[in-house]
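Summary of the model geometry
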Amino acid sequence: MENRNDRAHIHDHDQQKGNGNDEEPVINYRGIKAMPFIIGNETFEKLGTFGSSTNLVVYLNTVFNLKSVTATTVVNVFNGTTNLAPLLGAFLCDTYFGRYKTLGFASVASFLGMSALALTAAITNLHPPKCVGKDNSQCVGPTIWQFAFLLFGFGLIAIGAGGIRPCNLAFGAEQFNPNTESGKRGMSSFFNWYYFTYTFAVMVSATGIVYVQSDVSWAIGLAIPAFLMFLSCAVFFLGTRIYVIVEPEGSPMTSVAQVLVVAVKKRGLKLPQNPAFSLFNYIPAKSINSKLPHTNQFRFLDKAAIVTEKDQINLDGSSAKPWRLCSIQRVEEVKCLTRIIPIWASAIIYHVPLIQQQTYAVLQALQLDRRLGTGSFEVPAATFIIFTMLALTIWIAFYDRILVPFLQRLTGKEGGFTLLQRMGIGILLSVLCMFVSGLVEGHRRHIAHTKPTLGISPKGGAVSSMSWMWLVPQLALAGLSEGFNYVSQIEFYYKQFPENMRSIAGSSFFAGAALANFLSGFLVSTVHKVTSSTKSGDWLSEDLNKAKLDYFYYVIGVLGVLNFAYFLLCAKWYSYKVREDDSPVEMSKTGSVKHHV
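Residues numbered from 1 in each chain as written. Predicted model: local features only at pLDDT ≥ 70, side-chain atom pairs only at ≥ 80, totals over all residues. Heavy atoms only, no water.

**Things to note about the state of the cysteines**
Note the cut-off: Two cysteine sulfur atoms make up a disulfide if the distance between them is within 2.5 Å. Relative accessible area decides the class of each residue, using a 1.4 Å probe on protein chains only: under 20% of the type maximum gives buried, over 50% gives exposed, and in between gives partly exposed.
Enumeration according to the criterion identifies one disulfide in this entry. Put simply, Cys131 and Cys139 are joined by a disulfide, and their sulfur atoms are 1.9 Å apart. As the torsion about the S-S bond is roughly 120°, the Cys131-Cys139 disulfide counts as right-handed. Classification of Cys131 as partly exposed rests on a relative accessible area of 21%. Overall, the relative accessible area of 37% leaves Cys139 in the partly exposed class.

Listed below in structure tokens is the structure:
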């Protein structure tokens, strides 16, 4: 019995219909011609997405009159939902719709969501009136219907993210022939352009679009991302006739469920003496997955491949009833997934310090001296994220062009550092980022209390005379941390997941970030609730000059230290996936490549 995920069905709008024989049609790859449409779609989509979300905390705080704690919690939940949605999107894409239909539907949903968000700023009845009184202290919150319409827009944007994030990179790569040198070069060029558009979109959103939102008009500033998302949809659909469209192959999670169910059913059986040769093994001829050798980790799962008298095998060697008998190849693929989970879990707490640089660092900036030189121009608070992206961009270029060649000669390892080593360095830098953030915030509050202030911030509270440049070190550390961990984490999932699970691999990064956003929201709410009733006062007070935000940063820093220790234990235990036809390498007792930390 052949699973759907063992065969790829490809449809090309202009492919030849054949000559009446049963020969497979010739696929007309036109990657270079398709690339302008896909890159254009990517660029406008990212500009729209980042333009809508970069300044969201300030928008909720100053236009919807939400308190800082509430605004931060809403943004955390929103970001968490948009990062968790790709898991569902990857499943629906692989099982039912394919990447083209999923991208098309998701792009339209994002456009509608951004349009709804723009309407909340443009139409007076869709947001509460401005705060009045001394220090903008008399505020009216949003009505139920105003908040409901805002959440409706957020929901559509989350649906769009659920379809776009797991599919866009893979859909672009599918336009190139992987079996030719020109196709490989084109694919490499596409990846370079893909990450360039990401950096470009963040830079433009954090400067131009944020400036329009903060200093010109929120209605215009949110309408611009909606219009860019409309252009993204238009460019995407214009290229339809030249795309290579891969039809859905079926969810690989079915095989995972089969292994787990059969292992439980056969839990009472005894494993044979030599499982590598005695257990049932079958690999479909057209399987895209690498052949994996037997390993001794998670031996309980091996029982799913024990052949009994009741089990039936087809003439082609496959299992007649895959819910009663699984191949050892399927079992080893599930083991790969099981090994990854502990490493993936460490990414949840890792993201939390970086999330604070997107939320509370923005609120810090509102109560800092944001003037450039002696002029009156103030840098928008949400623009400071550009220093994170600059540090990330500069570091990647330096690491790739200068440090890697040197480290390769020094260590003999591809990439200079191993993947887990790079991830560990990223976690350590995120912890350092939190402690530096705490020191900077303590100094900002001290200056606000001891030296003359510069007026009242848009959200209320006196503006400290401390320069905005004090935020640069923590933001740069966040960028360096992302340069080490984000890139290596995505590469780790891509290489360690079975090949037919790469949509899920692409969603795993976002799933970890999603849970981190939810965790961050929980920490904010809990700390606010607990500390507001103490004598020392609310750590997360609306006015940061009355708060103790630095204490909150230190708590997250301690959590980061514990997470780093957990990661080291997981990394020491972890064993790399290795293909059966790989050249001899150092093997651990588990039968997989052992990773040294």
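**Regarding helix α15 (residues 502–531)**
Spacing of three or four residues puts side chains on the same side of an α-helix, whose turn is 3.6 residues. Our working rule: Strands here mean DSSP runs of E at least two residues long; helices mean DSSP runs of H or I at least four residues long; both are numbered from the N terminus. One less than the residue count of a helix, multiplied by 1.5 Å, gives the span that helix is expected to have. Note on bend: the value at a residue is the angle between axes fitted to the seven residues ending there and to the seven starting there.
Over its 30 residues, α15 extends 44 Å from the first C-alpha to the last, a length consistent with the 44 Å expected when each residue adds 1.5 Å. By the largest-angle criterion, Ser508 marks the main kink of α15, which is about 30°.

**Description of the confidence of the model for the protein**
The line we're drawing: One confidence number per residue, pLDDT, is output by the predictor and ranges from 0 to 100. Note on contacts: a residue pair qualifies if any of its non-hydrogen atoms lie within 4.5 Å across the two residues.
The share of residues in the protein with pLDDT of 70 or more is 86%, and the mean pLDDT across the chain is 82. The least confident element of the protein, judged by mean pLDDT, is strand β4 (residues 593–594) at 46; the most confident is helix α16 (residues 549–573) at 94. With pLDDT under 50 throughout, residues 1–9 is counted as low confidence; its partners more than four residues away or in other chains account for 31 contacts. Overall, residues 15–24 carries pLDDT values under 50, and its contacts beyond four positions in sequence, including any with other chains, amount to five contacts.

**A look at unusual backbone geometry**
The backbone of Asn65 sits at a positive phi, close to 60°, despite the residue not being glycine. Take Asn65: it is sitting in the loop between α2 (56–62) and α3 (68–122). Positive phi values are uncommon outside glycine, yet Phe298 reaches one of about 50°.

**A few points about a positive patch on the surface**
Counted only if it meets this: Candidates for patches are residues over 30% relative accessible area with no salt bridge; among them, like charges are joined within 9 Å and nonpolar side chains (Val, Leu, Ile, Met, Phe, Trp, Tyr) within 5 Å. Using the Shrake-Rupley algorithm and a 1.4 Å probe, accessible areas are obtained, with residue cover drawn only from the displayed protein chains. Salt bridges are defined as contacts in which a side-chain nitrogen from Lys or Arg sits within 4 Å of a carboxyl oxygen from Asp or Glu. By the counting rule applied here, Lys and Arg register as positive and Asp and Glu as negative, while His and the ends of each chain are not counted. Think of each charge as sitting on NZ of Lys, CZ of Arg, CG of Asp or CD of Glu.
Side chains of Lys265, Lys310, Lys321 and Arg324 sit close together on the surface and give a patch of like positive charge. Among the secondary structure elements, Lys321 is positioned in the loop between α9 (275–278) and α10 (328–356).

**Concerning the environment of Leu419**
With respect to the helices and strands, the residue Leu419 is situated in helix α13 (residues 419–450). Taking the C-alpha atoms as reference points, Leu419 and Val487, 68 residues apart in sequence, are found 9.2 Å from one another.

**Brief notes about the packing of α3 against α15**
Packed helices, taken two at a time, are described by the angle between their axes plus the distance between the axes. To keep things clear, this is the line we draw: The convention used is that axes are lines fitted to C-alpha atoms, helices contributing only their stretch in contact, and that angles between N-to-C directions extend from 0 to 180 degrees. Roughly parallel covers angles under 35 degrees, roughly antiparallel covers those over 145, roughly perpendicular covers 65 to 115, and oblique covers all other angles. Take the far helix as the reference: if the near one is turned anticlockwise from it by less than a right angle, the crossing is left-handed, and if turned clockwise, right-handed. Residues are grouped as follows: Ala, Val, Leu, Ile, Met, Phe, Trp, Tyr, Cys and Pro are nonpolar; Asp, Glu, Lys and Arg are charged; all remaining types, including Gly, are polar.
Running from N to C, α3 and α15 point in directions that differ by 160°, and their axes come no closer than 8 Å. For the element pair α3 / α15, the angle class is roughly antiparallel. The handedness of the crossing between α3 and α15 is left-handed. Class assignment for the residues of the contact of α3 with α15 results in 13 nonpolar, 14 polar and two charged.

**Some thoughts on the pattern of salt bridges**
Tallied over the full model, the rule gives eight salt bridges. Two residues, Arg330 and Glu333, come together in a salt bridge whose shortest N-O distance is 3.3 Å. With Arg330 and Glu333 both in helix α10, this residue pair falls three residues apart, about one helical turn. As far as the burial class goes, Arg330 and Glu333 line up, both buried. One salt-bridge network, held together by shared partners, links Asp302, Glu332 and Lys335.

**Some words on the packing of aromatic side chains**
Stated formally: Stacked, tilted and edge-to-face pairs are distinguished by plane angle, under 30 degrees for stacked and over 60 for edge-to-face with tilted covering the rest, among Phe, Tyr and Trp rings (Trp via its six-membered ring) whose centres lie within 6.5 Å.
One pass over the structure, following the stated rule, counts 31 aromatic pairs. Site record: aromatic cluster; members linked through ring pairs are Tyr100, Phe171, Phe236, Phe237 and Tyr243.

**Comments concerning the nonpolar core**
Applicable threshold: Buried residues of nine kinds, namely Ala, Val, Leu, Ile, Met, Phe, Trp, Tyr and Cys, make up a nonpolar core once their side-chain atoms join them within 4.5 Å.
Ranked by internal contacts, the top residues of the largest apolar core, which has 120 residues, are Tyr59, Leu60, Tyr360, Phe492, Tyr493, Leu540 and Phe552. Core analysis: the second largest hydrophobic core is formed by six residues, Val202, Met203, Ala206 and Leu392 among them.

**Notes on the environment of Leu156**
For Leu156, the position within the fold is in helix α4 (residues 144–164). Look at Leu156 and you get buried, because its relative accessible area is 16%. Not counting residues within four places of it along the chain, the set of residues in contact with Leu156 comprises Ala109, Ser110, Leu112 and Gly113.

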